[in-house]
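# Fold and contact review
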Amino acid sequence: MFKHKTRISRTLVAPLILLAPAIGFAQADTSDWACESCPFDKGYRAEVNAGATYVGEDGAIRFGNATGYDEKGGYANVDGQGRYVSDGYRLDWMIEDLGLSSRVFEMDGGRQGTFGFHVGYRELPYRRFDTTRTVFNPSTSDTITLPGSWVPAGITSDMSQLSSSLRPQTIESDRQVIDAGADWKPAKAFRLYADFRRQNRDGIDITGGSSYTQSSLLPRWFDYQTDLIDAGIQYGTDRASLTLAYYGSYFTNQNASLTWDTPFTSGPGAGQYRMAMAPDNDFQQVSLSGAYRWTQWDTVAAFTLASGSGEQNEALLPYTINPGAGAGPLPRSSLDGAVDTANYALTVTSRPLPKGRIKFAYRFDERDNKTLQSDWNRVVTDFFVSGDIEQNVPYSFERSTISLSGELVVWKDIRISAGGERKEVKRDFQEVAEQTIDSGWGQARWRPLAWLDLRVKGGATERDINRYDESVAVSLGQNPLMRKYNLAYRYRSYGEFIASITPVESPVSFSTTVLFADDRYNKSLLGMTDSEELRATADFSWAVSENSSVYLMVGYENIDALQLGSEQFDVWDWSAKHDDTFSHIGAGFNWHQAEGKYNIRFDYNRSDGETTVDYLSVSGGPSRLPDLTSTMDSARVEVAYRWSDRIDATLDLRYESFEVEDYALVSPSTIPAVLTLGAQPYDYKVWALGLGFRYSFGGGDITLAD
Amino acid sequence: MTATPQRHRRGAFLLLTMAVLAIAAPAVVLAQSGDDKAEPPSYSKNGADTCFKCHDDQKVLAVFRTKHAVPTDENSPFGHGQLQCEACHGPGGDHAGRVRRGQERPPMVRFGSDSGTPVAEQNAYCMNCHLTNVGFAWHGSEHDNNTVACADCHDSHVERDPVLSTATQAEVCFDCHQQQRTQSMKPYAHPVRHGKMDCSSCHNTHGNTTDRLLARATTNDTCYDCHAENRGPYLWEHAPVAEDCGNCHDPHGSNYPGMLSMRAPTLCQSCHSQSGHPSLPQDERGLPSGTPSQFLLGQACLNCHDQVHGSNHPSGSKLMR
């Protein structure tokens, strides 16, 4: 009886199996997909890390660059992040380095698919020198004065009050960024967005304040504000997208000028000098961009049309602060500067063959400086009228680029691609009015195995010019044989090799890149004549076990360049050969105790930079400047101990040493005609020890819903 | 011999079977021949609830802490009526179904360059939803042309995707852009290695119609987002500045202060050759051990010509005021 039922069952099942594909062809019916086990996010969770860090060494202000740890001593610190989710509404927050001058706060939220918002605050410290000293009085205004006891002198070594007047002056600044934005989807295909960002940057920077033959490096106070607005409307479907956007940038400078007392002896009425600071300016741009997709050959065309306008109309300073210089009236009271920009782009990519793709791109960028030209009767460094009438030059340019590239899979694992590009540049008022840059490149990529990826690329670029207008050069006082580095004829060739080995079942991975480039300025008799570049990197990582991994990364870069000059204002009679080298090595490991409480991470980085400049000149013979070197060692150990499900204790130990040799950094009285700030090359060793506790609110492991 | 009742029933079943085959088979053939393709795999029976029977570890479930699993967003994979896990990992009917002994379980779509699923197929699943805001620009971009998978940079199964955070984004980019990582370690560089600035501050990594995936129309426009004090226009402009900041600066990092590609005076002398001090070789004779030269030491040319980005002073044509 059982056998009969089996035979009958088989007889029935067979056709049903044949029928099964017909049923499977139907669209997925997800109406019964209740997702009963889905642990959707809800409620509140956060983790806060509170602790303290002690920096154990002084005189290492550069350690505080971007980090905020710029002095010896203790720092309280708080980091954290959290989230609240309820009924589709979400609020995320994050704080970082709250106790430091590199603090970050970010909050974003909204209802996904409907609207969103974000607010943020970020600080970024820039710490340059703490070894600098100045004779000038402290100033946070647009005027820098000397102490009342100062006695001017002709050269720095004769400044009798120099030593007694020097006071420490840190060169540092801080950037604060506030941003806020929102977006809204009123309908499925539409999105409106608006972002506002305000950046304030203030502090002390170094400015060279010159007279006719002398100069003082000034600790200049600056206070900048930049407001950025990005807003737009987006429309998007599966076939097309369109965005109409506005971009506005508004810069204001609290100080329109800088006035300073000169520490050098000077002519009558010329005890103070004044220079103009960066003027307030703004730039606005409207753009329309979009794309359309055709199913034919999987073709996508994307375009951008942008039109912008920049203005600057700051009131001009007089020709000079020196009433005795004999300067006349200005041709106008403000610049009324205006620059129009245009940026157009079109790209079309298509796949005419199953294994082949082509891309066409066209791009046009224009800067049209519409500022009016006037005749100016320059006063030479607040001393005397030059007597030469000079016209301001409103530089404009146009750049248009057209390119075509293609890719073909010629065999199962070999992909060949190649392309060509022509860029044309047109300029006003410069030695080269028209420049053409033709490029060609080819690449082969081979993946013989799933875990082995090899790539070879090579190409050449020829930057040719219609004519180097020596009359323009001569009008600027240039040696007619000079070919400016960005305008000269140049032939560049390069090759690159990339390999990646990432076996899927293996714990080891390795990758390497090598790039070589050669630039020839074949037609330059003066200026840059050739340059070679070599870059190489290698990365290695090894997952030693389920609980530990190690990594090693190496990078190397070398740039050689040769330039020719002429002190006789004739053919070349001196040369300078540059050799720039930089190398970096990083290594580390990560270990966490299996089912345990400890997690340890160690990272080490070392970087070495060196620049040599070898001169050869008719007047001085062979000579070599002292090497410019930099060496940085940094190490960091982080240990985390899981006290409980909610509490972790963390220990963070950092070490950094940084040493620079720079012949240009000299004492205030070294250069007879320049009063410097006496900055000393960086040389510090710093350690920092941090202890903290991390507490988690809510959260925990995610478990399936009952 | 006459037919027994059992024989009649057997015959009826055979007739019924043949009738079913006669009716159904053409439907199968038609369905197949309509596309001339192999039969597409089927979806699972219960969506994510099916997947959880095997896949319930923390890495998988972490997707529920992300924007991909928001049930109130109708466009989210876990929105009402959507395909849940199978929206990204493809139909799972065969994968979740019964597998014969000795046969390998049919795979699902997996993500990452080493996943086995072709990059184009992976990315196509992402573009099902992200076409409008990402996909159009991605098509034919540098990353697309180099077969970078979305999952090479993005992780959808973690609460906070590292590439979306300023503090951790660069580490993701440096996996491939090793030369830029090396440059970021140079003594003078943007604060990328400190986690205080990210690559997307300057680059639109999903693709753009701009050169080198810049975030704004040109190099200068990108730089002016943070360095607007150099935008001008100035009364006295410095031509290479107005055209391209990259003429003098190396934004990824440099051995020289100010991220200059070469230091003064030689940087300046690669363009300037006026008679007098601009064309003199500033060699070891100008060192403190010789005759200390203001053209070599301190800020070199910038000791006097500090207004190198341009001057708005009526007497500033030499960029000294």
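Residues numbered from 1 in each chain as written. Chains lettered and ligands numbered in written order. Predicted model: local features only at pLDDT ≥ 70, side-chain atom pairs only at ≥ 80, totals over all residues. Heavy atoms only, no water.

Another aspect to go through is the overall build of chain B. Regarding its fold elements, chain B presents 13 helices and zero strands. For chain B, the N- to C-terminal ordering of α and β elements is α-α-α-α-α-α-α-α-α-α-α-α-α. Looking at chain B residue by residue over its 321 residues, the buried ones come to 49%. Intrachain contacts of chain B at a sequence separation of at least 6 include 44% that bridge at least 24 residues. (Helix = DSSP H or I, 4+ residues; strand = E, 2+ residues; numbered from the N terminus. Buried < 20%, exposed > 50% of the residue type's maximum accessible area, 1.4 Å probe, protein only. Contact = heavy atoms within 4.5 Å.)

In terms of helices and strands, chain A carries three helices and 35 strands. Across its three principal axes, chain A shows a C-alpha extent of roughly 125 × 65 × 55 Å. Considering chain A as a whole, with its 706 residues, one finds that 45% of them fall into the buried category. The contacts in chain A between residues at least 6 apart in sequence include a share of 61% that link residues at least 24 apart.

What follows is about the interface of chain A and chain B. Facing 205 residues of chain A, the contacting portion of chain B comprises 134 residues. Taken over both partners, the interface formed by chain A and chain B buries close to 14,200 Å², and the fraction arising from carbon and sulfur atoms is 53%. One can count 17 salt bridges joining chain A with chain B. Ionic pairing is found between B:Glu159 and A:Arg45, a salt bridge with its closest N-O pair at 2.9 Å. (Buried area = accessible area lost by both parts, 1.4 Å probe. Salt bridge = Lys/Arg side-chain N within 4 Å of Asp/Glu carboxyl O.)

What follows is about the confidence of the model for chain A. With 96% of its residues at a pLDDT of 70 or more, chain A has an overall mean of 92. Note that pLDDT drops below 50 for residues 1–26 of chain A; the model gives that stretch 16 contacts with residues more than four away or on any other chain. (pLDDT = per-residue confidence, 0-100.)

As a further point, take the pattern of salt bridges. Counted under the stated rule, the structure contains 58 salt bridges over all chains. Residues A:Arg90 and A:Asp92 are paired through a salt bridge, measuring 2.4 Å at the closest nitrogen-oxygen approach. Accessibility assignment for this pair places A:Arg90 and A:Asp92 in one class, buried. The shortest N-O distance in the salt bridge between A:Glu424 and A:Arg422 comes to 3.9 Å. Several salt bridges share partner residues, and in doing so they unite A:Asp41, A:Arg45, A:Arg83, A:Arg90, A:Asp92, A:Asp108, B:Arg65, B:Glu159 and B:Arg160 into one network.

The next subject is the environment of B:Asp56. Structurally, the position occupied by B:Asp56 is in the loop between helix H2 (48–51) and helix H3 (58–61). In this structure the C-alpha to C-alpha distance between B:Asp56 and B:Gly286, which are 230 residues apart in sequence, comes to 72 Å.

Attention now moves to the packing of aromatic side chains. Evaluation of the coordinates by the stated rule reveals 27 aromatic pairs over all chains. Taken together, a centroid distance of 5.2 Å and an interplanar angle of 55° make the contact between A:Phe190 and A:Tyr235 tilted. Of this pair, A:Phe190 sits in strand E10 (residues 190–210) while A:Tyr235 sits in strand E11 (residues 215–236), placing them 45 residues apart in sequence. Exposure remark for A:Phe190: the relative accessible area of 37% places this residue in the partly exposed category. The class of A:Tyr235 is partly exposed, set by a relative accessible area of 33%. Seen from their ring centres, A:Phe658 and A:Tyr682 are 5.6 Å apart, and the 25° between their planes marks the pair as stacked. You can see A:Phe658 sitting in strand E33 (residues 647–661) and its partner A:Tyr682 sitting in the loop between strand E34 (674–675) and strand E35 (683–697), a full 24 residues away along the chain. In this structure A:Phe658 comes out as buried when scored by relative accessible area, which is 2%. Feature note: the residues A:Phe40, B:Phe52, B:Phe64 and B:Phe78 constitute an aromatic cluster, connected by ring pairs. Above the ring of A:Trp441, the side-chain terminus of A:Lys457 is found at 4.9 Å from the ring centroid. (Phe/Tyr/Trp six-rings, centres within 6.5 Å; stacked < 30°, edge-to-face > 60°. Lys NZ or Arg CZ within 6 Å of the ring centre and 35° of its normal.)

Moving on, we come to the nonpolar core. Counting residues in each nonpolar core, the largest one holds 37 residues, and the members touching the most others are A:Phe63, A:Leu625, A:Tyr663 and B:Leu297. Counting only elements with at least two residues in this core, the list comes to E10, strand E29 (574–592), strand E30 (598–617), E33 and E35 of chain A. Apart from residues lying up to four places away in sequence, B:Leu297 is in contact with A:Tyr663, A:Ala664, A:Val666, A:Ile671, B:Gly286, B:Leu287, B:Pro288, B:Pro292 and B:Asn303. If you look at the next biggest cluster of nonpolar residues, it comprises 17 residues, including A:Ile144, A:Trp150, A:Ala153 and A:Met277. (Core = buried A, V, L, I, M, F, W, Y, C linked by side-chain atoms within 4.5 Å.)

Residue and element names in this part refer to chain A. Structurally, the position occupied by Ser-350 is in strand E17 (residues 337–353). Note on Ser-350: relative accessible area 8%, which makes it buried. Within the structure, the side chain of Ser-350 is placed 2.7 Å from the side chain of Thr-299, a separation counted as a polar contact. If near-sequence neighbours (up to four positions away) are discounted, Ser-350 is found in contact with Trp-297, Asp-298, Thr-299, Gly-356, Arg-357 and Ile-358. (Polar contact = N/O pair within 3.5 Å; in protein donor to acceptor, adjacent residues only side chain to side chain.)

Our next topic: helix H6 (residues 119–138) of chain B. Across its 20 residues, H6(B) extends only 13 Å between first and last C-alpha, which sits more than 12% below the 28 Å expected from 1.5 Å per residue. The largest bend in H6(B) is about 120°, located at B:Leu131. Tucked inside the fold, the buried residues of H6(B) contact strand E12 (240–253), strand E15 (281–294) and strand E16 (299–312) of chain A together with helix H4 (86–89), helix H7 (142–145) and helix H8 (150–153) of chain B. Following H6(B) by one or two positions, B:Gly140 has its phi on the positive side, about 80°. (Expected span 1.5 Å × (residues − 1). Bend = angle between axes of the 7 residues up to and from the residue.)

With that settled, consider the sheet that holds strand E13 (residues 257–261) of chain A. All names here are of chain A. Sheet architecture is open: three strands sit in the order E7-E13-E14, paired in mixed fashion. Every interior strand has two partners, whereas the edge strands, strand E7 (143–144) and strand E14 (272–276), have only one. Two strands pair when backbone bridges link them, and E7 and E13 are joined in this way by two bridges, in the parallel orientation. Paired with Thr-143 across the strands is Thr-259, a residue of E13. (Pairing = 2+ DSSP bridges.)

Looking now at the pairing of strand E28 (residues 548–565) of chain A. All names here are of chain A. Pairing geometry for strand E27 (residues 527–545) and E28, over 16 bridges, is antiparallel. Among the inter-strand pairings, Ala-538 is bridged to a residue of E28, identified as Val-554. Between E27 and E28, which pair antiparallel one after the other, the connecting turn spans two residues.

So, about the confidence of the model for chain B. On average, chain B scores 87 in pLDDT, and the residues at 70 or more come to 87%. Contacts from residues 1–17 of chain B, a stretch scored under 50 in pLDDT, to residues over four places away or in other chains number seven contacts.

Following B:Gly232, the chain continues into B:Pro233 via a peptide bond in cis, with omega recorded as 5°. Examined against the element boundaries, B:Pro233 turns out to sit in the loop between helix H11 (219–224) and helix H12 (239–243). Here the bond from B:Ala264 into B:Pro265 is cis, since omega is 5°, no more than 30 degrees from zero. Structurally, B:Pro265 can be placed in the loop between H12 and helix H13 (266–269). Positive phi values are uncommon outside glycine, yet A:Asp87 reaches one of about 50°. Given a relative accessible area of 59%, A:Asp87 falls into the exposed group. Phi at A:Trp297 takes a positive value of approximately 60°, unusual for a residue other than glycine.

By secondary structure assignment, the location of A:Ser215 is in strand E11. Taking the C-alpha atoms as reference points, A:Ser215 and A:Ile671, separated by 456 residues in sequence, lie 9.9 Å from one another. Not counting residues within four places of it along the chain, the set of residues in contact with A:Ser215 comprises A:Gly208, A:Gly209, A:Ser210, A:Phe264, A:Ala673, A:Val674, A:Leu675, B:Asn303 and B:Cys304.

We now examine the pairing of E30(A). Residue and element names in this part refer to chain A. Pairing of E29 with E30 involves 19 bridges; the strand directions are antiparallel. What sits directly across from Ala-576, in E30, is Tyr-615. Two successive antiparallel strands, E29 and E30, enclose a turn made up of five residues, where Glu-595 displays a positive phi of approximately 55°. Bridge analysis of E30 against strand E32 (residues 628–642) gives 14 bridges, and the strand direction is antiparallel. Directly across from Asp-603, in E32, lies its bridge partner Arg-636. Pairing of E30 with strand E31 (residues 621–624) involves four bridges; the strand directions are antiparallel. In the sheet register, Leu-616 faces E31, and the bridge partner there is Pro-622.

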